Number of protein chains: 2
Amino acid sequence: MALFNFVLFYCINLGQWYELAPITAKYFTIFEKFFSMQRESTYREALNDSDNFLPSISVDCVIFGFHDAQLKVLLINFKNTDIWAVPGGYVLLQEDMDDAARRVLWERTSVQDIFLEQFYAFGKRDRVCKEMQEEIFSGLGIPLAADAWVSRRFISVGYYALVDFSKVIPNPDDHLNECGWFRLDELPKMIFDHADILQKALTTLQSRLDYKLVVSNLLPETFTMSELQSLYETILGKKLLRTNFQRKMLGLEILERVEKRFSGRAHKAPYLYRFDMTESE
Amino acid sequence: MALFNFVLFYCINLGQWYELAPITAKYFTIFEKFFSMQRESTYREALNDSDNFLPSISVDCVIFGFHDAQLKVLLINFKNTDIWAVPGGYVLLQEDMDDAARRVLWERTSVQDIFLEQFYAFGKRDRVCKEMQEEIFSGLGIPLAADAWVSRRFISVGYYALVDFSKVIPNPDDHLNECGWFRLDELPKMIFDHADILQKALTTLQSRLDYKLVVSNLLPETFTMSELQSLYETILGKKLLRTNFQRKMLGLEILERVEKRFSGRAHKAPYLYRFDMTESE
């Protein structure tokens, strides 16, 4: 185990020394996949040791899942409690914050290689609830010192993503938590201000719906206007007028019409569209 | 001076002890206006003393000024250097981050009571440039210890505002820096990643232009479609088609038509509009 620790430590630091930040995350992935037993001890160490982490900063990842006209969110449960949270963690001293968000998401859910975008930093002075934190650590069986660094004040930077949840297989560390997909109208009890974080992520997602990167990985390469409308209606949580929707979408000039869909009654076949990726952001 | 220090300290802490966060900023304003000589020493102490501040977090405020079809940005200059920056500072341990942004802006520019909105957290691991920091401290005549906390890594949370620059009278502390309004195509040499911070603020501002709060304090209570279009064109940095602009604006349903403007040739008088404040965000 000491050898594995050494190898992992060496590889992480190699990435830092040679300024290989962009591939540090890949080193993490390769080695942590190989030595997955590392994860629990790494997590426990992180909770009690501030030497490797930036103080006062955490990241939280709100992962929205869309499939078959349903919108859900991925939450993790702290062992032996009924408290849930969006997956989160800390930033290594020598790690870009965006890389930390990707690493943390993978460490806690095994979800990786998805488009994560920052949406807001949560900085209220009283956002961490000491009693809830004690309950969680008690459930984990990890002693929480009175002056533990994780009990101090943290500003949390939120990231969100929108994925096809049928393609994500969360595989949490059995010793720490489980994860699950929740409907937005059936959320469980959540830690600290995580209900607010989730709500802000949803509001941001809704306001950025025209931002094609977010939606383009949820649809097949080509799709009908009706399929696109269904996606929008689910995320916005309301019905849209078909003619207005079509006019608005075409007006954005992000869609390219490709061909007529085959149908037994050709004159009723709907047009197929795809996102025009040649346009700049 | 010791008495002033004590009074200021007491009042700030009174706000914290009694959980009066919303009015803490007002206490700051009243007392610092009264004892404005406090500012320099407070600033110097902040630079060398981490006890009162959250480590690893800073806030930076990008203030866009609009007047007479010109868009500018408010920057501060570090004494005895040619280095400029957007006004920034640190978060007190017992202070909401949003309050810190308002306080910092006032402390460094005397600009206050404006709508500030968070737009992005900057978390690259190498964003602080040690050499530039040494140059600034040397110019200020303040010794910078090798292990000074301000030289460590900071994640900076950016805030932006859009104001009528003819109504803002920056009044920087003479001992530390000066401030000035710059055209976006004539920016000076800027500290660290502040050019990126400014650019990201501008992109965000442009993408949120339909967000009425941002623009509504730059126009008179009632305005013509042409005046509104001029504002949009300046901020977006491009000409817009009149008919398209009018259709889009009216489609947003945030404008209310109020009356015909008086004119010698009544049939050519343009309509006047105002923002419909009854609508929810």
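Residues numbered from 1 in each chain as written. Chains lettered and ligands numbered in written order. Predicted model: local features only at pLDDT ≥ 70, side-chain atom pairs only at ≥ 80, totals over all residues. Heavy atoms only, no water.

J.: How do you make sense of the relation of the copies chain B and chain A when you look at a structure like this?
T.: The relation between the two copies of this chain is a rotation about an axis and a shift parallel to it. Of the two same-sequence chains, chain B is brought onto chain A (RMSD 0.1 Å, axial shift 0.1 Å) by a rotation of 180 degrees. Overall, the copies show the geometry of a two-fold rotation axis. Interface overlap between copies: 100% of the residues of chain B at the interface are likewise at the interface in chain A, consistent with a symmetric, same-surface contact. (Least-squares fit on C-alpha atoms with pLDDT ≥ 70 in both. Contact = heavy atoms within 4.5 Å.)

J.: I would appreciate a short explanation of the packing of helix 8 (residues 225–236) of chain B against helix 9 (residues 242–251) of chain B in the present structure.
T.: For any two helices packed against each other, the geometry comes down to the angle between their axes and how far apart the axes lie. Residues and elements named next belong to chain B. Where helix 8 meets helix 9, the axes come as close as 11 Å, and the angle between the chain directions of the two elements is 100 degrees. Our classification of the angle between helix 8 and helix 9 gives roughly perpendicular. Contacts between helix 8 and helix 9 involve Met 225, Leu 228, Gln 229 and Tyr 232 from the former and Arg 242, Phe 245, Gln 246, Met 249 and Leu 250 from the latter. The class makeup of the residues in the contact of helix 8 with helix 9 is six nonpolar, two polar and one charged. (Axes fitted to C-alpha atoms, helices over the stretch in contact; angles between N-to-C directions. Helix = DSSP H or I, 4+ residues; strand = E, 2+ residues; numbered from the N terminus. Parallel < 35°, antiparallel > 145°, perpendicular 65-115°, else oblique. Nonpolar A, V, L, I, M, F, W, Y, C, P; charged D, E, K, R; others polar.)

J.: Which parts of the structure should I look at to understand the confidence of the model for chain A?
T.: Should the pLDDT be low somewhere, the predicted coordinates at that spot are not to be read in detail. All names here are of chain A. Of the residues in chain A, 74% reach a pLDDT of 70 or more, and the chain-wide mean stands at 77. In the model, residues 1–42 has pLDDT below 50 throughout and makes 50 contacts with residues more than four positions away in sequence or in other chains. The ipTM for the predicted assembly is 0.73, set against a pTM of 0.75. (pLDDT = per-residue confidence, 0-100.)

J.: Just checking my understanding: could you explain the interface of chain B and chain A for this structure?
T.: Accessible area lost during the coming together of the parts is what is often quoted as the interface size. With 25 residues of chain B in contact, the opposing surface of chain A contributes 25 residues. Of the roughly 2100 Å² buried at the junction of chain B and chain A (both faces included), carbon and sulfur atoms supply 49%. Among the residues of chain B in contact with chain A, Gln 118, Arg 125 and Arg 153 of chain B are the three that bury the most area, contributing 31% of the side total. Linking chain B to chain A there are two salt bridges. Broken down by secondary-structure element, the contributors of at least two residues to the side of chain B that touches chain A are strand 1 (53–67), strand 4 (88–92), helix 4 (97–109), strand 5 (117–122) and strand 6 (155–164) of chain B. Ranked by the residues each element gives to the side of chain B that touches chain A, the list is headed by strand 1 of chain B, at four residues. (Buried area = accessible area lost by both parts, 1.4 Å probe. Salt bridge = Lys/Arg side-chain N within 4 Å of Asp/Glu carboxyl O.)

J.: Explain the pairing of strand 4 (residues 88–92) of chain A to me, please; I cannot follow it from the model alone.
T.: Each regular strand carries side chains that alternate between the two faces of the sheet. Residue and element names in this part refer to chain A. Most of strand 4 is tucked away: five of the five residues are buried. Inspection of the sheet shows strand 1 (residues 53–67) paired to strand 4 by four bridges, in the antiparallel sense. By the bridge assignment for strand 4, Phe 53 is matched with Leu 92. (Buried < 20%, exposed > 50% of the residue type's maximum accessible area, 1.4 Å probe, protein only. Pairing = 2+ DSSP bridges.)

J.: What is the right way to look at the nonpolar core in this model?
T.: Here is a general trend for soluble globular proteins: nonpolar side chains tend to be buried in one another's company. Counting 80 residues, the largest nonpolar core has Ile 63, Met 97 and Leu 116 of chain A together with Ile 63, Met 97 and Leu 116 of chain B as the members making the most contacts within it. Of all hydrophobic cores here, the second largest spans 35 residues; its members include Leu 219, Leu 231, Ile 254 and Leu 255 of chain B. (Core = buried A, V, L, I, M, F, W, Y, C linked by side-chain atoms within 4.5 Å.)

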